[in-house]
Amino acid sequence: MSRARTLRILLALAVLATAGWFLRDYTTDDTFIHLRYAGNLLDRGEFSFNPGEATYGATSPLWIFVLAFFLKLGLAPLTAAWVAGALAGTGVLLLADAIIERLTFPSLWKTAALLLIAVDAWFLRWTFSGMETPLATLLTLLLLWPLVSGRDLAWGLKQRPLWARYLAWGVAAGMVGLVRPEMLLVAPLALPWLLWFEYFRAGGAEGPSGRWRARPHAPLLAAACGWLVVTGPWFVYARLSFGRFLPETAAAKSATLSLDPLSLLANLGRSLQQLAATQGFLYLAAVAVILVVLFRNARDEAATMPVGRWPMDYAEKEEEPEAHGAGPWSVWGPVALVGITATWTVALLGGYALKQVWIISRYLAPLLPVILLALMVVAEWLCLGPGARSGAFGPVRRVLVAGLVLTVLLNSWLLGSRIVPHARDLRAGLEDCYLDMGDWLRENAEPDATVAALDIGALGWSSERRILDLMGLISPGVLELGLGLGFTEMVESGVWVRGAGGPAPRYCVDRSLDGPRWADRTVGGVHFVLLETCVMHGVGLREPQPWTVALYRLDSGASRVKSSAGG
């Protein structure tokens, strides 16, 4: 390994370690959901949140198995989640460096590319949250490996048969789909681009005449088999155990399909805000670079590209195939990478917009390193490709340097001033509210008591009581009510007090903005007795306002019914 590569890896890992220190106490409520599933998997051999009730209420079954593995090794639950995230985050940086090393970037560009991935605030935040995001990012990057492995070699001549490579690719695509459910559909969309790239790579040794070897049936079938080897058994198990193929979270966190243009634009805008929050300056730099190049090409086309030659013509050159700007990678590799990036981005953002999913940064974080790599190869082509002259793109390079510096500063500011304080506030709120209330319920509530709650993770973990999830993630009856009435309306109506097809709750832990909203109310003959309240800050970066968390005892058979209570 070269000294320059060693130094850039150490720099990236130092950034990761520093963020890990500052975020060492970061835990989300959803982390406890995964931990409870992992605990029941180990203790009872079942995939459940409430013991004895198999439910598909966790987004990431593969992440639950990872956590169960570390719990089996004897690690404390929160330590297991932190270690699993740190190892996955380290894997992201090492795999990203392995990809970058095989690109034609100059050494300094490679360092910049890896640094941009390492400092991304969303990547750092979710790596140490105990959530599945870093594992999803690692597997997403792995799907790009065929673009850089054995490149510029002829199809089947100087490399192992492609069916073996794409069998492994299909396995990775299936695994990322079991980490993030949307990737079950999104990940395979890269396959046409990869096979298209293999077609042009096939002429690397023999020229265009060798492309007859690029028959896609074998790698396509191998990829499909690899995908089914992973997802097939899980689909069968999920259907038999839960009665569905996708987690309840997919339904609970989305609304009905919407084709309203205004709604689509609003939803797309929220997704773009999440992407631009950490990479916005890079996107502006990319636009500026393209405009400068277009202007220069229009002004002096002969100086930037030989007359009668197009960029793809350079892929046909047989002389010096390994020279910079020549060989199949020089055109078709970057085109395939940019095509995959654009396809994944459109599919994810468009799918979320159509389903009206409320976007949070961890849904898009796995895509951020892919976008960065695509931006870098486009910048390389514009600055260093066959059409660029030495010294002709000084302004372009200055724009790129400015984008790099501003991106590092922006992400450092976001991490230090927003994410780290939020992480501390959230951990304190979980401990002071949900974990403390859960401890009280464990000590005072009947062993068979059901507790209704909006936030179920930390409460369910510490209370060890059956949870009625008012968001429907682990409670199919509530999910059905929410899909019919709308979740906000369903919760506020109190229709769930009778149990939604299961045991009626005896306690409720609610979160609201305007104080204890259920205090001294009676709904459907059930009276809410306020037992305890606390204030929780920083539920999310976009929800920094204080929330009131209230614990109620639900008394049945109350004689009075107040019209204001909706009963």
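Description of helix α5 (residues 107-119)
Inference 1: With 13 residues, α5 extends 19 Å from end C-alpha to end C-alpha; this agrees with the ideal 18 Å at 1.5 Å per step.
Inference 2: All buried positions along α5 are accounted for by W109, K110, A112, A113, L114, L116, I117, A118 and V119.

Some words on the packing of aromatic side chains
Inference 1: Taken as a whole and judged by the stated rule, the model has 24 aromatic pairs.
Inference 2: Between W82 and F128 the ring centres are 5.4 Å apart and the planes differ by 35°, which places this aromatic pair in the tilted class. With a gap of 46 residues between them, W82 in helix α4 (residues 77-101) and F128 in the loop between α6 (121-127) and α7 (133-142) connect regions that are remote in the sequence.
Inference 3: Residue F128 is classed as buried on the basis of its relative accessible area of 2%.
Inference 4: Pairing W193 with W196 gives two aromatic rings, centres 5.9 Å apart and planes at 80°, and the pair type is edge-to-face. You can see W193 and its partner W196 sitting in helix α10 (residues 191-201), 3 residues apart, about one turn around the helix.
Inference 5: A relative accessible area of 29% means that W196 is categorised as partly exposed.
Inference 6: Grouping aromatic residues by their ring pairs yields a cluster made of Y37, F47, F49, Y56, W234, Y237 and F242.

Some words on the nonpolar core
Inference 1: In terms of nonpolar packing, the biggest core is built from 140 residues, with L141, L144, Y166, W169, W344, L459 and V509 touching the most fellow members.
Inference 2: If one sorts the elements of this core by residue count, helix α18 (residues 394-444) sits on top with 13 residues.
Inference 3: Beyond its immediate stretch of four places on either side in the chain, L459 contacts Y434, M437, G438, L441, V451, A453, E464, I467 and V509.

Side note on the sheet that holds strand β4 (residues 522-523)
Inference 1: In space, the 6 strands of this open sheet follow the order β2-β1-β3-β6-β5-β4, with mixed pairing throughout. At either end of the open sheet lies a strand with only one pairing partner, and these are β2 (466-469) and β4.
Inference 2: Across 6 bridges, strand β3 (residues 507-512) lies against strand β6 (residues 547-556) in antiparallel orientation. Paired with C508 across the two strands is Y552, which belongs to β6.

Some remarks on the state of the cysteines
Inference 1: All chains considered together, the criterion is met by 1 disulfide.
Inference 2: Paired through a disulfide, C433 and C534 show a sulfur-sulfur distance of 1.9 Å. Separated by 101 residues along the polypeptide, C433 in helix α18 and C534 in strand β5 (residues 526-536) bring together distant segments of the chain. For the pair C433 and C534, a shared accessibility class is recorded, and that class is buried.

As for the pairing of β6
Inference 1: Among the 10 residues of β6, 7 are classified as buried, and the element is accordingly described as predominantly covered.
Inference 2: Here β5 runs beside β6; their pairing, made up of 10 bridges, is antiparallel. If you follow F528 over to β6, its bridge partner there is L554.

Considerations on the pattern of salt bridges
Inference 1: Applying the stated rule across the entire model yields 18 salt bridges.
Inference 2: R8 is paired through a salt bridge with E101; the nearest N and O atoms lie 2.4 Å apart. On the criterion of sequence distance, the pair formed by R8 in helix α1 (residues 3-22) and E101 in helix α4 is long-range, its members being 93 residues apart.
Inference 3: With a relative accessible area of 4%, R8 lands in the buried category.
Inference 4: Given a relative accessible area of 27%, E101 falls into the partly exposed group.
Inference 5: In the salt-bridge network here, residues are joined through shared partners; they are R5, R8, D97, E101 and K110.

Re the environment of I467
Inference 1: With respect to the helices and strands, the residue I467 is situated in strand β2.
Inference 2: On a C-alpha basis, the gap between I467 and A449 in space is 8.7 Å, while along the polypeptide they are 18 residues apart.
Inference 3: If sequence neighbours within four positions are ignored, I467 has contacts with F49, N50, T450, V451, I456, L459, G460, I474 and S475.

Quick look at the packing of helix α2 (residues 29-44) against helix α3 (residues 61-72)
Inference 1: Two elements in contact, α2 and α3, have axes separated by 8 Å at closest approach and are oriented at 65°. Of the two possible hands of crossing, α2 and α3 adopt the one that is right-handed. Residues H34, L35, Y37, A38, G39, L41 and L42 of α2 lie in contact with α3, whose contacting residues are W63, I64, F65, L67, A68, L71 and K72.

Thoughts on the pairing of strand β1 (residues 450-453)
Inference 1: Residues T450 and A452 line one face of β1 and the alternating positions V451 and A453 line the opposite face, and both faces are buried.
Inference 2: Bridge count between β1 and β2: 4 bridges; the pairing is parallel. Note that in β2 the partner of T450 across the bridge is R466.
Inference 3: Read as a crossover between parallel neighbours, the route from β1 over helix α19 (residues 457-463) to β2 is right-handed.
Inference 4: Where β1 and β3 come together, 3 bridges link them in parallel fashion. Considered in β3, the bridge of V451 is made with Y507.

Digging into a nonpolar patch on the surface
Inference 1: On the surface, F281, L284, V401, V405, L406 and L409 cluster together to form a nonpolar patch covering roughly 540 Å² of accessible area.
Inference 2: No other element matches α18, which puts 4 residues into the nonpolar patch.
Inference 3: For F281, a relative accessible area of 33% gives the class partly exposed.

Digging into the confidence of the model for the chain
Do not read the predicted coordinates in detail wherever pLDDT is low.
Inference 1: The pLDDT averaged across the chain works out to 84; a share of 84% of its residues lies at or above 70.
Inference 2: At the level of individual helices and strands, the chain shows its lowest average pLDDT in helix α14 (residues 301-304), which scores 47, and its highest in α7, which scores 97.
Inference 3: Considering only residues more than four positions removed or in separate chains, one finds that residues 558-567, a stretch of pLDDT under 50, has 19 contacts.

Some thoughts on α1
Inference 1: For α1, spanning 20 residues, the distance from its first C-alpha to its last is 29 Å, which sits close to the expected 28 Å at 1.5 Å a residue.
Inference 2: Residues of α1 that are buried include every one of R5, R8, I9, A12, L16, A19 and G20, and no others. Buried positions in α1, seen along its axis, are confined to an arc of 120° and lie on one side of it. Along α1, exposed side chains directed more than 90 degrees from the buried face belong to R3, L10 and W21.
Inference 3: Buried residues in α1 make contact with α4, α5, α6 and α18.

Calculation notes
- Along each chain, residues carry numbers from 1 onward, in the same order as the chain's sequence is written.
- Two thresholds apply to this predicted model, a pLDDT of at least 70 for residue-level local features and 80 or more for giving and counting side-chain atom pairs, whereas whole-chain, interface and lining totals are computed over all residues.
- Neither water nor hydrogens contribute to the side-chain values; these are computed over all heavy atoms in the structure.
- A run of H or I in DSSP becomes a helix once it reaches four residues, and a run of E becomes a strand once it reaches two; helices and strands are each numbered from the N terminus.
- Multiplying 1.5 Å by the helix residue count minus one yields the expected span of that helix.
- A 1.4 Å probe rolled over the protein chains alone gives each residue an accessible area, and that area as a share of the maximum for its type sets the label: buried under 20%, exposed over 50%, partly exposed in between.
- The pairing test for Phe, Tyr and Trp rings, Trp by its six-membered ring, is centres within 6.5 Å, and the orientation test on the planes gives stacked under 30 degrees, edge-to-face over 60, and tilted for anything in between.
- Residues grouped as a nonpolar core are buried Ala, Val, Leu, Ile, Met, Phe, Trp, Tyr and Cys residues, joined through side-chain atoms within 4.5 Å.
- Should any heavy atoms of two residues lie within 4.5 Å, those residues are counted as being in contact.
- Strand pairing requires that DSSP identify at least two bridges connecting the strands.
- Cysteine sulfur atoms that come within 2.5 Å of each other are treated as a disulfide pair.
- Take a side-chain nitrogen of Lys or Arg and a carboxyl oxygen of Asp or Glu: if they are within 4 Å of each other, that pair is a salt bridge.
- Interaxial angles span 0 to 180 degrees and are taken between N-to-C directions of axes, which are lines fitted to C-alpha atoms, for helices over the stretch in contact.
- Here is the rule for handedness: rotate from the far helix to the near one, and if that takes an anticlockwise turn smaller than a right angle the crossing is left-handed, while a clockwise turn gives right-handed.
- By convention a crossover is right-handed if, when the strands point away from the viewer, the path from the first strand over the helix to the second runs clockwise.
- A patch is a set of surface residues, each over 30% in relative accessible area and not in a salt bridge, joined within 9 Å for like charges and within 5 Å for the nonpolar side chains Val, Leu, Ile, Met, Phe, Trp and Tyr.
- Per-residue and other accessible areas follow the Shrake-Rupley method at a 1.4 Å probe size, with only the shown protein chains counted as cover for residues.
- Note: pLDDT gives the predictor's confidence per residue, expressed from 0 to 100.
- This arc corresponds to the set of directions leading from the helix axis out to the C-beta atoms.

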